[in-house]
Amino acid sequence: MQAFLDIFDIYLLEAVINGILLGGVLALLALGLNLIFGVIDVTWICYAELVMIGMYAMYFMVQYYGISYFIAAPFTILLVAILGALLHYLVIAPLLTAPPINQLLATGGVLFVLQSFATVAFGIDFRNLGIRLPVLAFGDMNFSYARLLSFVAALVGMVAVYLFMTRTFTGTAIRAISQDRQIMALMGVDTKRIYIITSALGGALAGLAACLLVLQYDVHPFVGLSFGPITFLICVLGGLGNFIGGFIAAFVFAEIISLGGLFSDLEWGYVLAFAFFIVMMFIRPAGLLARRR
Amino acid sequence: MLELRSVDAGYGSFQALFDVNLDVKAGEAVGVIGPNGAGKTTLMRVISGLIRPLRGSIRMERVDVVATPAHRIVSLGIAHVPENRRLFPRLSVDDNLKMGAFMKEARGKYAERLDIVFELFPRLKERRHQMAGTMSGGEQQMCAIGRALMSNPKLLLLDEPSAGLAPVVVQQVFQLVKRIRASGLTVLIVEQNVQQVLRVVDRAYLIEAGTIRSSGTSAEMLASDTVKEAYLGV
Amino acid sequence: MLEVSGLVKRFGGFKAVNNVSFRVDQGEILGLIGPNGSGKSTIFNMLSGTLPPTAGSIVFAGHEIAGLAPHRIINRGIGRTFQIPRPFRRLTIFENVALAGFYGQGRHSRVKAEEAAERALAMVGLPTDRHAPVDGLGAAGLKKLELAKALATAPKLLLADESLGGLDETEMDQAADMLRKIRDELGITIIWVEHIMGVLMRVVDRVMVLDHGEKISEGLPSAVASDPRVIEVYLGTDAETIQAAAAEARRRAGV
Amino acid sequence: QEKKIKIGVIFDLTGPLAGGGSELEYIGTKIILDQYSKTGVEGYKVEAVYADAQSKPDVAINESVRLLEQEKVDMVLGFFSSAQCVPVAARVEQLKKFMWMTTCISSAVFNDKNYKYVFRPQASGDQFGMMTMDFIAQNAREKFGKEPKDLRVAIIHEDGAYGVDVSKGNEAGAKKAGFNVVLKEGYSATAPDLSALVTKLKRARPDVIFHTGYNPDITLLLRQAREQGLKFGALMGHGAGYGVYEKLKEGLGADATYIFNADPISIWLANQKTMDPKLAPVIKMVGEEFDKIKPGVAIRSAHVGIGASNTYVFMNDVLPRAIKKYGGVDPDALRKAALDTDIPEGGTMLGFGVKFYGEGTPMAGQNERSFPVVIQYLDDKSYVVWPKSQAQREAVLPLPKGTTYSNQ
Amino acid sequence: MTRRGRLAAWAVGLAALIALPFVYRDPYHLHILVLILIWSFAYTSWSMMGRFGLVSLGHGGFMGIGAYVTALLWNHLGLSPWIGIPVSMVAAGALALVVGYPCFRFRITGHYFVLVTLALSGIVLQVITATRDYTGGSLGYTPNRASANKLLALQFDDKTAWYLIALAVWLAGLVVWHWIDRSMSRCALEAISEDEDAAAAAGVDVTAEKLKITLISALMTALAGAIYCQYQMFITPDTVSGIAVSLQMVFAAIVGGLFVSLGPTVGAIITILLAETLRIGFGTKAVGWDNLVYGVLLVLFIIFLPKGILGSVLDRLKPQRKVSSSS
Ligand SMILES: Nc1ncnc2c1ncn2[C@@H]1O[C@H](COP(=O)(O)OP(=O)(O)OP(=O)(O)O)[C@@H](O)[C@H]1O
Ligand SMILES: Nc1ncnc2c1ncn2[C@@H]1O[C@H](COP(=O)(O)OP(=O)(O)OP(=O)(O)O)[C@@H](O)[C@H]1O
Ligand SMILES: [Mg+2]
Ligand SMILES: [Mg+2]
């Protein structure tokens, strides 16, 4: 009993809060994917690789050309937005009427391309931005400034995207487009334009994630592998296209990883998170926030 | 207002319309009748730009519709209520209506148009937050017409608006067509329900196997032997 | 043969079907009518197992079937058609029907299933050619296919969610004749949902009317057609024509 | 027919391991082989065929099979990852071909396998782990003022082949020294978050952390450690990511100072006084060639030297003997020549000697004279601090007061 | 082609395939051939369900179980693979049922199904890695070499033997495919993939049919894993389980064409040969370029041959059937 009570110490609290901060990172990553995958129902398996390219862009601008972080960031966001639009234009657009599995495959090919492009162009070295932000300390507990930033960005981003999606005409059109593409023209909607806007927006959000992730992680051609699968799981756990759900799911996942890691092994924390995901799918097949049928 | 000249249209290698000529004058209500697969829906699609004619010209108030990109045709004042309604099933009624006012020109008058539509269909106002896909057939039909009216059109294309509706509602729909007409809108309506439709339109075209077989005022059509035999079950 | 009592279906807080009870006798054609959204398709969905009822009992041929899985219910002898045809486009017409014949009759024999398919296709007047694709069928053809699929499962009770709207007059008549023929020749009991009163009233033996998920009237076609409540919520000003049609039908049937 | 030895060389040039050190070893190996391709050995032409294992074991297998059976190489040389060496060694042995591993430090590669044709001059992973433990054990009382049983140590490692093997050595070493192991845990090198591990470390309050990992995860761990305020007395790294100071510095800034690392000694740091004088010019040559390929690197990674030295031993010692004494370059000649190897301490650029365990011993094929050294990074330089025979200066231990992680 | 002609063509092709290793003995090429056959079988197994819209990213898990359970039983309990393989298949099948049943029962389809199975792959991979005391973790695992009875241990040094085994297994896979193709289950599954409710209304027990095909697919995939392990005599979590392997299956199957029986085989041939040739062609001179080209080709294949290589070729060969239009 005492041993059991022992775990309720300051470290538990720290783990909980760190879980929340990790949740911020994951939520930020899931945000753009949720737009693409959840709302317009297009599969970008290579989403995390777009983030990787964005991280390289930041690295080179800041480390190599000495551009200030805050000037480099908008450029990176723009760059990844353009990449997103290009990805749509070159790869997805020809496959819009094909089954989703073909999109998965094609963007999987793009994943290879981006990884090996990074290998060829930037080499296999791990690279680090070398910016080290201060630490926030509350008594015995310390927190990462960089993560706090991601957290805030994710929160603001989520609210902004949510408002955009529900309040504006373009946002409504984005939600409508996966449901009936053919009649969009009857509404006066240029479907091509909506797809490009959405893809660019998804790309921009990936770029935003890149700007914040580069503060915390080394960049290398395979950094996407650390984030890719879990980002997809979060989107689905939250309910496809449900931004609030996705946001919450990111935190649930992060807490499981964080607390699972604290109570048992880090490795089993991930097993737990995956298993939790599967079980949740059985209990709430349409996402965390969905009402039961 | 609308004029079609020698229009051919089809799907891939299959031709569905042959040399169609058709006119709709401002303020008129015009019906199109004909058997299944005659090409009525194709005709509507070709007007609203969902498919492009193989040949021929289409003009809306002297603007060349064929040369206008599909998504700009709405702003010429043409609103199309497609066959089977085609609502966005997982959007709320509100959002479906919002999509109807997507066009730049219509966005400014969104609130105003919404009031008009809700006045026409109080049922929609009750259900404004329901997902369109879970509504009953009649409710969906109201929503589809409402959505089309949101763009403040001059010409309303209705493709079988009475299909699958309860008799009272069918009557309501035709009443509605009358009211819409009375409010100054021009209507082109495709119907299988020949008897009823001929009561609300001024003129009608009979289309068979992709060609216009005959046309005339409703009275003429009602009296015509071909129409009587084939469509009125007399 | 079918005894429904206290049937309820909720969607969230909304009661789509509210405490409906009725019975269907062997060999009759029951017309089920009601305004759009009154719960007709929902009742069909519960009878066929597509949706589980929230409450209530459904007794078919002496057995409680409420909440059973669809394939179980079909094996017991309730077949259905969908209001909006749902063909399997990747299968041929014949395969569509043979599939229903095979699984709908408890997966016994493939040969029997194919025979059943041929009979059903012939009955509705579709080609029995084994390679004809579904894509060539028009609206009327799809309705026929829908019916053939249901017939191939060798039902004792057929739930026909027809909505002939969209068919032309001749096609509607054909469809109505077909239903009657099915009842007369195969002895299949039928519940028929339809909005085209002129056609429905001519064929059915009895009519039940729903409104807002509740049963508001039941009886012989002519009686129902003159029920003021039914006229108000459903038939509207056309009631007279419809009453005439019903009377005409009764006269023809010699009742 | 001209006399020729054809050598298949396999390293990871792409994929995660490439950046983990494999590419650097490839460069070191290639510098030596290029040299011998010019001169030849005992009248034999030297031809090297290179292949990229892409950090994947199945590709390593395919490439080995291809080189041996298609390209008809006489032997294979190289390999960075133990996960590749294990299956390839088994194949090579089965085909009775010759294999010379430059790295693949896992003890599992040899343990009880009784290989006849597979040799590794390099120290094994558990030796790395034992070495650092030994270093701390010898210094516990003096530097920490604690009895070994009171010294709290934590062993953490990435869960790949390399990290696991080193951690086994750590564990064995800790047991031998009688330390109090307060935490032992593995994690995936691709894990996006290590804060739970840091929290556990904080709770365990270790005096010394023994860590094995690759670059990204080291950076992540130490950054999160800083952010969460983890304090300790010393951090012992074990090669791989800790061998690449450039990257530590880039990711951690000044915090990279005082980190310890167990690795084969960097050939440019080895004590040249006790070394065979013939080696000095070779070391210089490797350094110059390396600078041409990768200019502007502050501390040349030990990995380059590992590739170079271990290849050099083969080309300079084993191969000539095989040709002269055993009459050729067939696998049996190479094998006999390898078993005859007897280089005393100081006879290689890495400082250690070479003598292989013979047939019938549990580690047959492993160099019994190899050892890693412990170095410490100080002021952007690295100094050997252990073992005493190689030490260049006294270790700074524990972390001085006022540094980021210091628990003083 | 007539039925007789088709049978004759098959017989000739088969005879040629069996004769091949006795005529052509280049060991590296045989090695690649054996790998192609084993992977073809694995991809065929995946396509069993993939062709019906059940896109699983969990097959890495089944393959891993097949490989690891067989090897673990042999090393730890001395159980011959002849028993170990069936046991491992049962294990994979059990897992398939445990995950499949709730999935199908609760109507988890489309993206949701894909990601549930993806999580399954992740779990199997992590479990193999984390239980390193038994499985060797990411260092990989080697079945003990049998000293005496090679047949009992299912270990052969001869590539020809492996070639024939792989060929037999691959053929068995095709036979199962054709067996399913001609059964009523195929119709049912096609129907389910289009519209579950309508299929159920036709009397199909949707859950049971899906489970059946999932089970068959999982069993076959586990067998592929076990055979791969016995042939390579070495497995690591990354080569036989995990998300990467699952994706590899999807890629190859779709590139080849998952709606025709030989499609996955063509996919295996193309992807493996392409990867090998590109890697060897670029060698160490242009590091990384092989994967770049591989990725680009993959994208181009899928955009221009959306039904897969074999599927699209067969479509072209077929006399164009006109879109008929009667009503
Ligand atoms: N998307 C399509 N592709 C190919 N052919 C089509 C397509 N849509 C319709 N057709 C064909 O074009 C012809 C005309 O169809 P259309 O839908 O215009 O007829 P309709 O008069 O509206 O019939 P209904 O009364 O059934 O709605 C039909 O033969 C039909 O099969
Ligand atoms: N899945 C669902 N979720 C929420 N509401 C639903 C759902 N399905 C049906 N409804 C609602 O239940 C009511 C009854 O629908 P139902 O389809 O049974 O009507 P119906 O009588 O068949 O109408 P119609 O004549 O138009 O076909 C409708 O108001 C509809 O909006
Ligand atoms: Mg139509
Ligand atoms: Mg209905």
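Residues numbered from 1 in each chain as written. Chains lettered and ligands numbered in written order. Predicted model: local features only at pLDDT ≥ 70, side-chain atom pairs only at ≥ 80, totals over all residues. Heavy atoms only, no water.

Draft legend 1. Quick look at the interface of chain D and chain A. Chain D puts 40 residues into the contact, and the matching count from chain A is 40 residues. Of the roughly 3500 Å² buried between chain D and chain A on both sides combined, carbon and sulfur atoms contribute 53%. Counting across the interface, chain D meets chain A through two salt bridges. Lys202(D) serves as the salt-bridge partner of Glu14(A), at 2.5 Å between the closest nitrogen and oxygen. (Contact = heavy atoms within 4.5 Å. Buried area = accessible area lost by both parts, 1.4 Å probe. Salt bridge = Lys/Arg side-chain N within 4 Å of Asp/Glu carboxyl O.)

Draft legend 2. Representation of the coordination of the magnesium ion (ligand 4) in the model. Protein coordination at the magnesium ion (ligand 4): the donors are Ser41(C) (OG) and Gln83(C) (OE1), at 1.9 to 2.2 Å from the metal. Residue Ser41(C) is located in helix α1 (residues 40-47), and its partner Gln83(C) is located in the loop between β6 (78-81) and α3 (93-104); the two are separated by 42 residues in the primary sequence. (Donors = N, O, S within 2.8 Å, 3.2 Å for Na, K, Ca; no water. Helix = DSSP H or I, 4+ residues; strand = E, 2+ residues; numbered from the N terminus.)

Draft legend 3. Structural detail: the coordination of the magnesium ion (ligand 3). Residues and elements named next belong to chain B. At this site the magnesium ion (ligand 3) is bound by Thr-41 (OG1) and Glu-83 (OE), with donor distances of 1.8 to 2.4 Å. A residue pair is termed long-range when its members are at least 10 positions apart, and Thr-41 in helix α1 (residues 40-48) and Glu-83 in the loop between β6 (78-81) and α2 (93-100) qualify at 42 residues. Overall, the relative accessible area of 14% leaves Thr-41 in the buried class. Classification of Glu-83 as partly exposed rests on a relative accessible area of 28%. (Buried < 20%, exposed > 50% of the residue type's maximum accessible area, 1.4 Å probe, protein only.)

Draft legend 4. View of the nonpolar core. With 452 residues, the main nonpolar core has Phe277(A), Trp192(C), Trp100(D) and Phe314(D) as its most contacted residues. The element contributing the most residues to this core is helix α2 (residues 27-50) of chain E, with 15 residues. Both of domain 1 (23-49 + 70-77 + 157-254) and domain 2 (82-154) of chain C provide at least three residues apiece to this core. With 28 residues, the next largest nonpolar core counts Leu4(B), Val32(B), Val46(B) and Met60(B) among its residues. (Core = buried A, V, L, I, M, F, W, Y, C linked by side-chain atoms within 4.5 Å. Domains from an automatic or database assignment.)

Draft legend 5. View of the sheet that holds strand β2 (residues 14-24) of chain C. Residue and element names in this part refer to chain C. Read from one edge to the other, the open sheet built from four strands follows the order β2-β1-β4-β5, with strand pairing classed as antiparallel. Of all the strands in the sheet, just β2 and β5 (63-64) have a single pairing partner and so form its edges. Note: strand β1 (residues 2-11) against strand β4 (residues 55-60), five bridges, orientation antiparallel. In the sheet register, Val-4 faces β4, and the bridge partner there is Ile-58. (Pairing = 2+ DSSP bridges.)

Draft legend 6. Representation of the site of ligand 1 in the model. Residues and elements named next belong to chain B. The local shell around ligand 1 holds 15 residues, among which Asn-36, Gly-37, Thr-41, Thr-42 and Glu-83 are the closest. Within the contact set of ligand 1, an oxygen atom lies 2.9 Å away from a backbone nitrogen or oxygen of Gly-39. Here an oxygen atom of ligand 1 and a side-chain polar atom of Glu-160 are 3.3 Å apart. Computed on the free molecule, ligand 1 has an accessible area of 630 Å², of which 74% lies beneath the protein chains in the complex. When contributions to the shell around ligand 1 are tallied by element, the ones reaching two or more residues are β2 (14-24) and α1. Among the elements that make up the shell around ligand 1, the one with the highest residue count is α1 (four residues). Taken together, the residues of the shell around ligand 1 break down into five nonpolar, six polar and four charged. (Near = heavy atom within 4 Å. Polar contact = N/O pair within 3.5 Å; in protein donor to acceptor, adjacent residues only side chain to side chain. Areas by Shrake-Rupley, 256 points an atom, 1.4 Å probe, with all protein chains shown as cover. Nonpolar A, V, L, I, M, F, W, Y, C, P; charged D, E, K, R; others polar.)

Draft legend 7. Here's a closer look at the site of ligand 2. Surrounding ligand 2, one finds 19 residues, the nearest of these being Thr134(B), Asn36(C), Lys40(C), Ser41(C) and Thr42(C). Residue neighbours of ligand 2 fall on chains B and C, so the site bridges chains. Between an oxygen atom of ligand 2 and a main-chain N or O atom of Gly39(C), the distance comes to 3.0 Å. In this structure, an oxygen atom belonging to ligand 2 sits 2.4 Å away from a side-chain N or O atom of Thr42(C). Compared with its free state, where it exposes 640 Å², ligand 2 has 81% of that area covered by protein. Mapped by element, the contributors of at least two residues to the shell around ligand 2 are β2 and α1 of chain C. Tallying contributions element by element places α1(C) first for the shell around ligand 2, with three residues.

Draft legend 8. Structural view of the domain arrangement of chain C. All names here are of chain C. Taken domain by domain, chain C comprises domain 1 (23-49 + 70-77 + 157-254) and domain 2 (82-154). Overall, the association of domain 1 and domain 2 removes approximately 1400 Å² of surface from exposure, summing both partners, and the carbon and sulfur fraction of that is 66%. Looking at the side of domain 1 facing domain 2, the largest losses of area belong to Asp-161, Glu-162 and Met-178, adding up to 28% of the total buried there. Between the two partners, domain 1 and domain 2, sit zero salt bridges. Counting the contacts that link domain 1 with domain 2 gives two residue pairs in polar contact (both at pLDDT 80 or more). Looking at the side of domain 1 that touches domain 2, the elements that each hand over two or more residues are α2 (70-76), β7 (157-161) and α6 (169-186). When residues in the side of domain 1 that touches domain 2 are grouped by element, the largest group, seven residues, is from α6.

Draft legend 9. Here's a closer look at the pattern of salt bridges. For the coordinates displayed, the defined rule picks out 65 salt bridges over all chains. Across the salt bridge formed by Glu146(C) and Lys149(C), the nearest N and O atoms sit 4.0 Å from each other. One end of the pair is Glu146(C) and the other is Lys149(C), both in helix α5 (residues 139-152) and three residues apart, which spans about a single turn. By relative accessible area, Glu146(C) is classed as buried at 3%. A network of salt bridges, in which partner residues are shared, links Arg86(C), Arg107(E), Asp195(E), Glu196(E), Asp197(E) and Lys210(E).

Draft legend 10. Just helix α3 (residues 82-95) of chain D, in detail. Residue and element names in this part refer to chain D. Between its terminal C-alpha atoms α3 stretches 20 Å, which fits the 20 Å expected from 14 residues at 1.5 Å a residue. Counting buried positions along α3 gives twelve out of 14 residues, so the element sits mostly inside the fold. Taken as a whole, α3 has its buried residues at Ser-82, Ala-83, Gln-84, Cys-85, Val-86, Pro-87, Val-88, Ala-89, Ala-90, Arg-91, Val-92 and Glu-93. Where α3 begins, one side-chain oxygen reaches toward the backbone nitrogen of Ala-83, 3.1 Å away; that side chain belongs to Ser-81. Count one or two residues on from α3 and you reach Lys-96, which has phi positive near 55°. (Expected span 1.5 Å × (residues − 1).)

Draft legend 11. Molecular detail of the packing of aromatic side chains. Counted under the stated rule, the structure contains 36 aromatic pairs over all chains. Centroid distance Phe60(A) to Phe122(A): 5.1 Å. Interplanar angle 40°. Geometry classified as tilted. Of the two residues, Phe60(A) is situated in helix α3 (residues 47-64) and Phe122(A) in helix α5 (residues 100-122); the sequence distance between them amounts to 62 residues. On the basis of an interplanar angle of 75° and a centroid distance of 5.7 Å, the ring pair of Phe151(A) and Phe251(A) is categorised as edge-to-face. Separated by 100 residues along the polypeptide, Phe151(A) in helix α6 (residues 145-167) and Phe251(A) in helix α10 (residues 243-263) bring together distant segments of the chain. For Phe251(A), a relative accessible area of 14% puts it in the buried group. Every member of this aromatic cluster is reached through a ring pair, and the members are Tyr56(A), Tyr59(A), Phe60(A), Tyr64(A), Tyr65(A), Phe117(A) and Phe122(A). The ring of Phe102(B) has Arg107(B) lying over it, and the distance from NZ or CZ to the ring centre is 4.6 Å. (Phe/Tyr/Trp six-rings, centres within 6.5 Å; stacked < 30°, edge-to-face > 60°. Lys NZ or Arg CZ within 6 Å of the ring centre and 35° of its normal.)

Draft legend 12. Region of the structure containing the packing of helix α10 (residues 302-326) of chain D against helix α11 (residues 331-340) of chain D. Residues and elements named next belong to chain D. Following both chains from N to C, one finds α10 and α11 inclined at 120°, their axes separated by 8 Å at the closest point. The orientation of α10 with respect to α11, classified from their angle, is oblique. Of the two possible hands of crossing, α10 and α11 adopt the one that is right-handed. Here Phe-314, Val-318, Leu-319, Arg-321, Ala-322, Lys-325 and Tyr-326 of α10 come into contact with α11, specifically with Ala-333, Leu-334, Lys-336, Ala-337, Ala-338 and Asp-340. Residue composition of the contact of α10 with α11, grouped by class: nine nonpolar, no polar and four charged. (Axes fitted to C-alpha atoms, helices over the stretch in contact; angles between N-to-C directions. Parallel < 35°, antiparallel > 145°, perpendicular 65-115°, else oblique. Left-handed = near helix turned anticlockwise from the far one by under 90°.)

Draft legend 13. Fine view of the state of the cysteines. All names here are of chain D. A full pass over the atoms with the stated rule returns one disulfide over all chains. In this model Cys-85 forms its disulfide with Cys-104; the gap between the sulfur atoms is 1.7 Å. Judged by the torsion about the S-S bond (75°), the Cys-85/Cys-104 disulfide is right-handed. Here Cys-85, found in helix α3, pairs with Cys-104, found in the loop between β4 (98-101) and β5 (118-119); they are 19 residues apart in sequence, far enough to count as distant. Looking at Cys-85, the relative accessible area reads 0%, which means it is buried. (Disulfide = S-S within 2.5 Å.)

Draft legend 14. Geometry of unusual backbone geometry. Positive phi is not limited to glycine here, since Ala61(C) has a value of about 45°. In this structure, Ala61(C) sits in the loop between β4 and β5. The residue Ser55(D) is not glycine, and still its phi comes out positive at about 65°.

Draft legend 15. Inspection of the confidence of the model for chain D at higher detail. The share of residues in chain D with pLDDT of 70 or more is 100%, and the mean pLDDT across the chain is 87. On the interface metric, ipTM, the complex scores 0.86, and its pTM is 0.88. (pLDDT = per-residue confidence, 0-100.)

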